[in-house]
Amino acid sequence: MKKEIVVSGIRSTGYLHLGNYFGAIQNYVKMQEDHDCYFFVADYHSLTTHPDPKDLKTNVYRVVAENIACGIDVNKAALYAQSDVPEIPELYLMLNMLAYKGELEKVPTFKDKVRQQPENVNAGLLTYPVLMAADILIHRAAKVPVGKDQEQHLEMARNFAQRFNKRYGELFPEPEVFRYNRDTVKIMSLDGEGKMSKSENVNATIFLSDDDATIRKKIMKAKTDAGPAEPNSEMPEYIKNLFVLMQMVSAPDVTATYTSAYNNCNIRYGDMKKQLAEDMAAFVAPIREKAAALQKDEVLIKKILRQGAEKARASAGKTISEARRLIGISYY
Ligand code: TYM
């Protein structure tokens, strides 16, 4: 039976963190076992925020190394750089003719960027969802493992797929968001202000490259409160987030003990954070060490990128020929 096709990407704009891990990469690792997977570093997307050219390669290598350290097996999944697949920008150009200025201007992530970088509201930011749709549709993917922050982009990808199919003929399936665990859709920042992110709230975000002492310090500073006043109270978001993290890295009986302490109003957050800090440090350490070693092995990273690009281009080439044919670009 033909396996379902899966696509997902991560921007090369900084160090990967627990949100990237639990929101995305953890799903990739499971999906690679029984899906046809394409995972990539979205280096073109990172250009929307004008990175320094001298940092690009290091950033791309780091994302590749971190993905592998988290468990991506390049013999099962294709792992490549977006810019190594020229069929993606070609499809992006085609899809741009089916995307409208008005709808792009309404996208919340675009509005956020306009607020964050008013001096650099470039067309790449506006058409960010179109490039993302091209990333996905180029392999005719059915499933896209992403966190909650990317859901609106997925909806747009479905719209562009539909419009293309209607105008030119059936080519693209409509890709759906996929994840195994609902709780990890949005890993909150430890200060309770928004989500963990590569560039904001860095002191309240745990990076996969953080050392044990940094992890302990960040977790001990996580926002808590005086504790619940009534048995079985609903958890505020920032407390729930600590429990979500604990569930991911601690033994089930540890989480159960603290959950029942919370429900009985005798939880001691200091103790809980100490336990979580130890378990988190133990969880991150092997990923950090493996990624650091891999990142230094340039020969291996280059080989991985080349192998990934070859596999991605084989699939992308078929889609782009079909797209050209349907649009009518076939002159000889
Ligand atoms: P990026 O690089 O911001 O994030 C990579 C993945 O991590 C998820 N994520 C989170 N999940 C839960 N909690 C968080 N705090 C958290 N922070 C990040 C994101 O949802 C994402 O799955 N536009 C994309 C990259 C991209 C892409 C694509 C993704 C480009 N083309 C095609 C899928 C398909 C982005 O900026 O992700």
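Residues numbered from 1 in each chain as written. Predicted model: local features only at pLDDT ≥ 70, side-chain atom pairs only at ≥ 80, totals over all residues. Heavy atoms only, no water.

### Quick look at the domain arrangement of the protein chain
Inference 1: In terms of domains, the protein chain is made up of domain 1 (5-178 + 297-327) and domain 2 (202-292).
Inference 2: The distance between the C-alpha centroids of domain 1 and domain 2 comes to 31 Å.
Inference 3: Taken together, the 12 residues of domain 1 in the interface contact 14 residues of domain 2.
Inference 4: Of the roughly 1100 Å² buried between domain 1 and domain 2 on both sides combined, carbon and sulfur atoms contribute 81%.
Inference 5: If you sort the residues of domain 1 by the area they bury against domain 2, Leu18, Phe22 and Ala69 come out on top, with a joint share of 45%. (Domains from an automatic or database assignment. Contact = heavy atoms within 4.5 Å. Buried area = accessible area lost by both parts, 1.4 Å probe.)

### Points about the packing of helix α3 (residues 53-69) against helix α13 (residues 269-296)
A pair of packed helices can be characterised by two numbers: the angle between their axes and the separation between those axes.
Inference 1: The N-to-C vectors of α3 and α13 enclose an angle of 135 degrees; their axes lie 8 Å apart at closest approach. Between α3 and α13, the crossing angle belongs to the class labelled oblique. When the axes of α3 and α13 are compared, the crossing they make is right-handed. When α3 is examined against α13, the residues Thr58, Tyr61, Arg62, Ala65, Glu66, Ile68 and Ala69 are found in contact with a partner set consisting of Ile287, Lys290, Ala291, Leu294 and Gln295.
Inference 2: When its residues are assigned to classes, the contact of α3 with α13 shows 7 nonpolar, 2 polar and 3 charged. (Axes fitted to C-alpha atoms, helices over the stretch in contact; angles between N-to-C directions. Helix = DSSP H or I, 4+ residues; strand = E, 2+ residues; numbered from the N terminus. Parallel < 35°, antiparallel > 145°, perpendicular 65-115°, else oblique. Left-handed = near helix turned anticlockwise from the far one by under 90°. Nonpolar A, V, L, I, M, F, W, Y, C, P; charged D, E, K, R; others polar.)

### Describing the site of the ligand
Inference 1: Surveying the vicinity of the ligand reveals 28 residues, the closest of which are Arg11, Tyr128, Asp135, Asp149 and Lys198.
Inference 2: Between a nitrogen atom of the ligand and a side-chain N or O atom of Asp135, the distance comes to 2.6 Å.
Inference 3: The side chain of Asp149 places a nitrogen or oxygen atom 2.5 Å from an oxygen atom of the ligand.
Inference 4: For the ligand, whose unbound accessible area comes to 710 Å², protein coverage reaches 98%.
Inference 5: Among the elements of the structure, β1 (5-11), α1 (18-31), β2 (36-42) and α8 (128-137) are those that each provide at least two residues to the shell around the ligand.
Inference 6: Grouping the amino acids of the shell around the ligand by side-chain chemistry returns 12 nonpolar, 10 polar and 6 charged. (Near = heavy atom within 4 Å. Polar contact = N/O pair within 3.5 Å; in protein donor to acceptor, adjacent residues only side chain to side chain. Areas by Shrake-Rupley, 256 points an atom, 1.4 Å probe, with all protein chains shown as cover.)

### With respect to the nonpolar core
Inference 1: Counting residues in hydrophobic clusters, the biggest one holds 62 residues, and the most contacted among them are Leu18, Leu190 and Met280.
Inference 2: Residues within four places of Met280 in sequence aside, it is in contact with Leu18, Ile206, Ile215, Ile219, Leu245 and Val249. (Core = buried A, V, L, I, M, F, W, Y, C linked by side-chain atoms within 4.5 Å. Buried < 20%, exposed > 50% of the residue type's maximum accessible area, 1.4 Å probe, protein only.)

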